[in-house]
Amino acid sequence: MPGGLRHMATLLLIDDDPELLSDRVRHVFPAPAHRVEIAQTGAEGLERVAAACPDVILLDLRLPDQSGLDILRQLRRFDARIPVVMVTVARSSESAIEAMRHGAYDYLLKPIDLQKLDRVISEALKVSRLMREPAVVAETPPDAELPGEAIIGCCPGMQEAYKAIGRVADQTFPVLITGESGTGKELVARAIYQHGPRAQAPFLALNCAAIPEQLLESELFGHEKGAFTGADRRRIGKFEQCHGGTIFLDEIGDMPLVTQSKILRLLQEQAFERVGGNETIQTDVRLVAATHRDLKAWSDEGKFRPDLYYRVGVFTIHLPPLRQRGEDLPMLVQHYLRRYSRELGREVREVAPETLERLRSYPWPGNIRELQSVLKQAVLQASGAVLLPAFLPEPLHRPNDAITVPPEDEVPEMETFVVRQRIASDVRDLYAVTHRQVDGLLLPRVLEFTGGSQQQAALLLGIARQTLRMKLRDLGLAALPQSEAEQNESAANNLPAQPR
């Protein structure tokens, strides 16, 4: 939550022998940002939850008065949005897996590994925040800090998005949110969830581009023991875990074709099988998906199933890029300036006219996410109440006239021809197409220069290694050789090296 309204995260531990575990939890999640409460019986835990909802619950499977599974069922009836992490000493974990089937967020084995505790509870706290923190729609910047993240803007494109959220929130069919990266697609997905009939049920978000292909299907649908190397126990997937709720699949356009076929069946029948299993699992989830890609073009090229495209695209909400939002920019700057000033303990209240002009003239390829990053850096650099151009990071620090475009006769003839041809065809994705062509020229040359080292290439390009891999895959260049060191690193992490 924004700085002035950020609340202390409360973790409730329901365990009849909590001493060692509570010490570990307090060590990883210390005060004052976190508060750890303890209940030694199931009845006491239920009383504490009724008095004040915690952000996350750690629940032992074995309690003196009731079983952990019984407590979980009662907690789910009380508020299904509270992430419950099961804790068990049983190595077989069958009871914990059964708990996952009934909506537990995850389970941990005693003695608990601190690294895993940190990861699981941190993710659960984020999920809890996403479900409870309102995604507020504000056509004008509010006078006071909002209790949540705001979707701000009054340009025609955003007005259409607001209307679409209102039309579709009460329905149950899939929704597809389109727009460039960083335009706020997850916020729109949360607004649909929070204004709909499943607002009291779980909401889980998954980025399909951030999970390796070989793991994505297991993450979504789960797997049976022995389904593949390393599958030493049954895993419950998100679609089974989120029964009755809403799943947000970000970057669905990056999902492998094989997984797309299972998603199609799930949308048609609300049924699926775990990886390596033959038991049909019934579920009831609403799917909200998002992508920065043109799925129609991708389906025409065979990169996305046309039947799935027509299924997920029953209702589409498009978010315009920041550079096309006109007077929304000053409103957004005002909102984030207030937010980051409070978060970072600064007193920046105004934006100098020349600073605003620099912000207006910048193309914002990273959209709202990039604007947030720029303003946070600027507020950190600022001294005084006015945001001056000198506080802006590169490349906005330079005068506008320093950013020049070469004359047309200095631009390679082929690139000029392609741009002219695309403009003449009245396309709506010229920016993305041009970037793709630049990537096709640039990335192979950078990799050649680095001797095939994707790590060095990513550093040279100034992008994340995962982003580089995704771009190479999109261009059909995923088979470019890795360096020997990276092949060794892949082998050490049990990841398949890219083929030569």
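Residues numbered from 1 in each chain as written. Predicted model: local features only at pLDDT ≥ 70, side-chain atom pairs only at ≥ 80, totals over all residues. Heavy atoms only, no water.

> Mind laying out the overall build of the chain, listing which residues take part and the relevant values?
The helix and strand tally for the chain stands at 20 helices and 18 strands. For the chain, with 500 residues in total, the buried portion stands at 48%. As displayed, the chain offers around 24300 Å² of accessible surface, 52% of which is attributable to carbon and sulfur atoms. (Helix = DSSP H or I, 4+ residues; strand = E, 2+ residues; numbered from the N terminus. Buried < 20%, exposed > 50% of the residue type's maximum accessible area, 1.4 Å probe, protein only. Areas by Shrake-Rupley, 256 points an atom, 1.4 Å probe, with all protein chains shown as cover.)

> Summarise unusual backbone geometry; cite the residues concerned and give the values.
Here the residue pair Ala31 and Pro32 is connected by a cis peptide bond, since its omega of 0° sits within 30 degrees of zero. Residue Pro111 follows Lys110 across a cis peptide bond; omega there is -5°. Within the secondary structure, Pro111 sits in the loop between strand E5 (106-109) and helix H5 (114-132). For Glu251, which is not glycine, the phi dihedral falls at a positive 55°. Within the secondary structure, Glu251 sits in the loop between strand E12 (246-250) and helix H10 (257-269). Judged by its relative accessible area of 8%, Glu251 falls in the buried class. Positive phi, close to 55°, is recorded for Gln270, a residue that is not glycine. With respect to the helices and strands, the residue Gln270 is situated in the loop between H10 and strand E13 (271-273).

> Requested: an account of the sheet that holds strand E1 (residues 9-14), with residues and values cited.
With respect to topology, five strands assemble into an open sheet ordered E2-E1-E3-E4-E5, the strand pairing being parallel. Of all the strands in the sheet, just strand E2 (34-39) and E5 have a single pairing partner and so form its edges. Neighbour-to-neighbour, the strand axes of the sheet open up by a mean angle of 20°, direction not taken into account. Note: E1 against strand E3 (residues 56-60), four bridges, orientation parallel. Residue pairing across strands places Ile14 opposite Leu59, the latter belonging to E3. (Pairing = 2+ DSSP bridges. Axes fitted to C-alpha atoms, helices over the stretch in contact; angles between N-to-C directions.)

> Break down helix H2 (residues 42-51) for me, with residues and values.
The set of residues buried in H2 consists of Gly42, Gly45 and Val49. Looking straight down H2, one finds that the buried residues subtend no more than 60° of arc, so they occupy a single side. Along H2, exposed side chains directed more than 90 degrees from the buried face belong to Glu47, Ala50 and Ala51. Where H2 is buried, its residues meet E1, E2, E3 and helix H3 (68-78). (Arc of directions from axis to C-beta. Contact = heavy atoms within 4.5 Å.)

> Which residues make up empty space enclosed by the protein, and what values go with them?
Considering all chains together, one arrives at two cavities of 30 Å³ or more under this definition. In this model, the largest cavity occupies a volume close to 110 Å³. Lining the largest cavity are 15 residues, with Arg76, Ala80, Gly103, Tyr105 and Pro202 sitting closest to its centre. Counted by class, the lining of the largest cavity contains eleven nonpolar, two polar and two charged residues. As a volume, the second largest cavity reaches approximately 50 Å³. If you trace the second largest cavity, you find it lined by Ala169, Gln171, Ile192, Tyr193, Gly196, Pro197, Arg198, Thr246, Arg286 and Val288. Residue assignment for the lining of the second largest cavity shows that the elements contributing at least two residues are helix H7 (185-194) and strand E15 (286-291). Along the lines of polarity and charge, the residues of the lining of the second largest cavity split into five nonpolar, three polar and two charged. (1 Å grid on protein atoms, 1.4 Å probe; cavity = no way out; pocket = protein on both sides within 12 Å on 5 of 7 lines; lining within 4 Å. Points joined across faces, edges and corners; volume = space filled by probe spheres on them. Nonpolar A, V, L, I, M, F, W, Y, C, P; charged D, E, K, R; others polar.)

> I'd like to hear about the packing of helix H8 (residues 213-221) against H10, residue by residue, with values.
The N-to-C vectors of H8 and H10 enclose an angle of 15°; their axes lie 10 Å apart at closest approach. The orientation of H8 relative to H10 falls into the category roughly parallel. Crossing of H8 against H10: the hand is left-handed. In contact with Glu217, Leu220 and Phe221 of H8, H10 contributes Val258, Thr259, Lys262, Ile263 and Leu266. (Parallel < 35°, antiparallel > 145°, perpendicular 65-115°, else oblique. Left-handed = near helix turned anticlockwise from the far one by under 90°.)

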